Every structure is written in C-alpha cells, then in structure tokens.
Amino acid sequence: LVHGAFPDGETIIDLPLGLDRDSPIAKKRRASKDGDEKAITRFLKRSTNGIYSFVSCFPETGRHHQIRAHLEAAGFPIVGDKLYGCDPDFFLEFVRNGLTDELRKHLVLPRTALHAARVAFSHPDSKRLLVLTAPLPRMFQDFFKENFKQPIVCPE
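Enquirer: Just to check I follow, could you spell out the nonpolar core for this structure?
Expert: As a rule of thumb, nonpolar side chains are buried together in soluble globular proteins. Judged by nonpolar contacts, the single largest core of 20 residues is most densely connected at L1, V2, F6, F43, L71 and A113. Elements supplying a minimum of two residues to this core: β6 (52-59), α1 (66-74) and α4 (138-148). If one sorts the elements of this core by residue count, α4 sits on top with 4 residues. Excluding anything up to four places from it in sequence, F6 contacts T11, F43, K45, T48, S53, V55, L71 and F76. I25, A31, L83 and F91 belong to the second-largest nonpolar core, a separate cluster that totals 8 residues.

Enquirer: Is there a simple way to explain the environment of D8 in this structure?
Expert: Looking at the element boundaries, D8 is found in the loop between β1 (2-3) and β2 (10-14). Taking the relative accessible area as the measure of exposure, D8 reaches 62% and is therefore exposed. Considered as a pair, D8 and S53 are 45 residues apart in the sequence and their alpha carbons are 11 Å apart.

Rules of the game
- Residues numbered from 1 in each chain as written.
- Predicted model: local features only at pLDDT ≥ 70, side-chain atom pairs only at ≥ 80, totals over all residues.
- Heavy atoms only, no water.
- Core = buried A, V, L, I, M, F, W, Y, C linked by side-chain atoms within 4.5 Å.
- Buried < 20%, exposed > 50% of the residue type's maximum accessible area, 1.4 Å probe, protein only.
- Helix = DSSP H or I, 4+ residues; strand = E, 2+ residues; numbered from the N terminus.
- Contact = heavy atoms within 4.5 Å.

Structure follows, in structure tokens:
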C-alpha cells in the first residue's frame, strides 16, 4: 500500500541502489543513477482511491531495501514506512520515542504496509521450485476495507 495515485499499467524502475550518504541513518539506501548496485523492480497498480494505491511489486534483482527505495524514488512511499516514508525524521523520532500518538497519525499504519504474499525460488540443493504464500495481515485487510470500500484481493 503506497501513498498517492500510482500510474496505470506496468511501471518499471531501473535505478541502481547505493548508500544514502545524505541520511543520518547508516543503513538507508537511495535509488539513483549514481548507485553502485544494479536494481530493477516492476510494479503493477491493482487499485487506487486517489490517496492510496494497492501495488504489486516484482523485484527482478534482490537488493537490500530495493522495493522501499524504488518506491520512495518514484514518489510513492509505502504507507507506514518510517525509514523510506513521507518524512525522513519519522525513523529517528521512532528510535528516540517509540510509536507516539503523533507519529502514528502521520504514518497512517503502525508498520510498513509491505507484505510478501507469494515468494517463489529454486531450492539450493534439490533445485525444486518452492512457492511460499502468506495471508495478508488483518491490519492491511481492515485498512483496505475502510479506505477502498472493498476487500483486498492479493493476486496469485
């Protein structure tokens, strides 16, 4: 779930990642042409209400914080994301004071609204395809029903 009206159709972000040297947070990454690690993510908008959008994410590379950094660079930060969200000070505020009522109001959700509904990969020894699925957390389902007036359906 991201902030904003995500574009229709498939969006591909092909921006390398690197450390965000302007951030006081050492682990924060930045997607930019100056990055040193190739990173490609495909996105597909599933639904929007103009304020928030439900987006499927398909990372073609597997970089640390790739989805979050790519969405931030595109101007569609993930709802509830303290590190890559709408304000870079949210993470530091959270570290100092925990999840305050004021911070909760700005974040919309108390945790990052990023969920791996399905992950598929080849087993390293047997080479057999493994497909793992996980149901959407109740918090996300409730948010979707309230803000989109319909149940959320994760694609297979």
